[in-house]
Structure formats: C-alpha cells, structure tokens
Amino acid sequence: RKEVEQDPGPFNVPEGATVAFNCTYSNSASQSFFWYRQDCRKEPKLLMSVYSSGNEDGRFTAQLNRASQYISLLIRDSKLSDSATYLCVAHYSSASKIIFGSGTRLSIRP
Amino acid sequence: GAVVSQHPSRVICKSGTSVKIECRSLDFQATTMFWYRQFPKQSLMLMATSNEGSKATYEQGVEKDKFLINHASLTLSTLTVTSAHPEDSSFYICSASGQTMNTEAFFGQGTRLTVV
C-alpha cells in the first residue's frame, strides 16, 4: 500500500463548478500535510498547508482528519486556470521524509 | 518564499556518460534535501533523502552506485547520474527543507535529462 494515496482522476469539470479531492495516508506518524499544485513540465508549487482545524484561502479549503487519516481539498467556483495536477504531501519528521501522493489531474472546461 | 536553484534545467548526454545536477538553497540552510524523479504523466517518486554531512538514504529500488548524492554543505546537494542510459531519461527535481519539518519544502526548477 502506498504511503500517500490519491484518486488520479482526471477530473473534468465545467468552469464555476465545485470540486473536491481526497487523499489518504497510511503512516499515523505523519506530522504535517500540504497541497501542492503542479503544472505540466514544471516543478510543484505550494498551494496551501493543511491544519486539523481546517483552513481556507480564497476559493480553496483544506481539511485534515487525523482519526481517519485523510486530507481533502475543496475548490469552489473553479476557474480555467485551476487546471493542473494537485499533489497531497505528507511530512514525516521522524524519518525526515516528504512523501507525495500520485497526484490528481484536474481539467476545467469552459 | 525561499529559493532553491537547480542547475542545469535541461541536459542531453550520450549513453554511458555521467551527468551532475546541482541543487542550491539560496537564502536558507537546507538541513535536508530530497531528490525526486518524475516520468511523463506520473507522480514524483522520491529517490533519496540527504542530510548535510551524512550519507544519503536511498529509497527501495534506487541504485546508490548509479545515483550518487553528495550533500557537503547546508546550501548545496548534487546528484550524479553515472553511466547514464536512455531509460534514465526523466525529470529530476530537488527539494530542500530547513530545520523544521513543519514547514513547506521548496523545490528547484527541475532538470530534464535526455540520454541519447
């Protein structure tokens, strides 16, 4: 079983729609979680950190559920520019590792 | 945010030669650096983790004698692909993290390696 698992998609949704991604992690020792965005042939860029209390940044909302070991990302009022691959990331400080999920591809259509 | 510079961004080499990729943290001390490889339409796969001044820890299936990693200082890590073959052609990307693992990782721009 992969340490961090995501639905690979692709998700193909119309502009303006709300879309949600989930990501599960297997190691309960994971300490920190993040969502990254990767555009084609580019390096990943931090989208937002994920906190147990949930956090929101504009149209993006991230949530962490430690009991069930999953994190989520919600995108409201999606834009064409949101088309990208979204990667969930777990930091394991005890092992000094940063593990990426396989990524979820999102395509927003006009 | 912090800056990580990776060089070169693109390299084409002949089969059998070695290629060195540099990863520098420009404005912070990177106690830990990570090297990833990404094949087309696939996710980033962790190859190895290196801590400054110590040997790198390689993930299962990654040949340490083929992918030499050096992390001699808090601002520089290098990955050398030795005796490269066409199947080593990939996008290699480094990431650097500071003293605490609760902060984001900063990525280099990536190196697209093509072995012909």
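Preceding block: the structure.
Read on for a plain summary of the structure. Source: prediction; values computed, not measured. (Residues numbered from 1 in each chain as written. Chains lettered and ligands numbered in written order. Predicted model: local features only at pLDDT ≥ 70, side-chain atom pairs only at ≥ 80, totals over all residues. Heavy atoms only, no water.)

### What about the packing of aromatic side chains?
What the rule picks out here adds up to 13 aromatic pairs over all chains. Taking the centre distance of 6.5 Å and the plane angle of 50° together, the rings of A:Phe21 and A:Trp35 count as tilted. Of this pair, A:Phe21 sits in strand S3 (residues 19-25) while A:Trp35 is found in strand S4 (residues 32-38), placing the two residues 14 residues apart along the sequence. A ring pair is formed by B:Phe67 and B:Tyr92, whose centres lie 6.4 Å apart and whose planes are at 40°; its orientation type is tilted. Separated by 25 residues along the polypeptide, B:Phe67 in strand S7 (residues 67-73) and B:Tyr92 in strand S9 (residues 90-97) bring together distant segments of the chain. Here B:Phe67 and B:Tyr92 have matching classes, each one buried. In textbook terms, an aromatic cluster arises when at least three aromatic residues are bridged by ring pairs, as seen for A:Phe34, A:Tyr36, A:Phe100, B:Phe34, B:Tyr36 and B:Phe107. (Phe/Tyr/Trp six-rings, centres within 6.5 Å; stacked < 30°, edge-to-face > 60°. Helix = DSSP H or I, 4+ residues; strand = E, 2+ residues; numbered from the N terminus. Buried < 20%, exposed > 50% of the residue type's maximum accessible area, 1.4 Å probe, protein only.)

### Side note on the nonpolar core
In this structure, A:Trp35, A:Ile71, A:Phe100 and B:Tyr36 are the most contacted members of the largest nonpolar core, which totals 39 residues. Per element, the largest residue contribution to this core is seven residues, and it comes from strand S9 (residues 84-92) of chain A. Those residues within four positions of B:Tyr36 in sequence are excluded, and the remaining contacts are A:Ile98, A:Phe100, B:Leu44, B:Met45, B:Leu46, B:Met47, B:Phe91, B:Tyr92, B:Ile93, B:Ser95 and B:Phe107. One finds B:Met47, B:Val62, B:Ile69 and B:Tyr92 within the second-largest nonpolar core, a separate group that totals 25 residues. (Core = buried A, V, L, I, M, F, W, Y, C linked by side-chain atoms within 4.5 Å. Contact = heavy atoms within 4.5 Å.)

### Brief notes about the interface of chain A and chain B
Often the size quoted for an interface is simply the accessible area lost on bringing the parts together. Facing 22 residues of chain A, the contacting portion of chain B comprises 21 residues. Roughly 1,700 Å² of surface becomes buried between chain A and chain B when both sides are summed, with 57% attributable to carbon and sulfur atoms. Seen at the junction of chain A and chain B, the total is zero salt bridges. The interface formed by chain A and chain B holds one residue pair in polar contact (both at pLDDT 80 or more) in total. Put simply, the parts of the chain that give the side of chain A that touches chain B at least two residues each are S4, S9 and strand S10 (97-100) of chain A. (Buried area = accessible area lost by both parts, 1.4 Å probe. Salt bridge = Lys/Arg side-chain N within 4 Å of Asp/Glu carboxyl O. Polar contact = N/O pair within 3.5 Å; in protein donor to acceptor, adjacent residues only side chain to side chain.)

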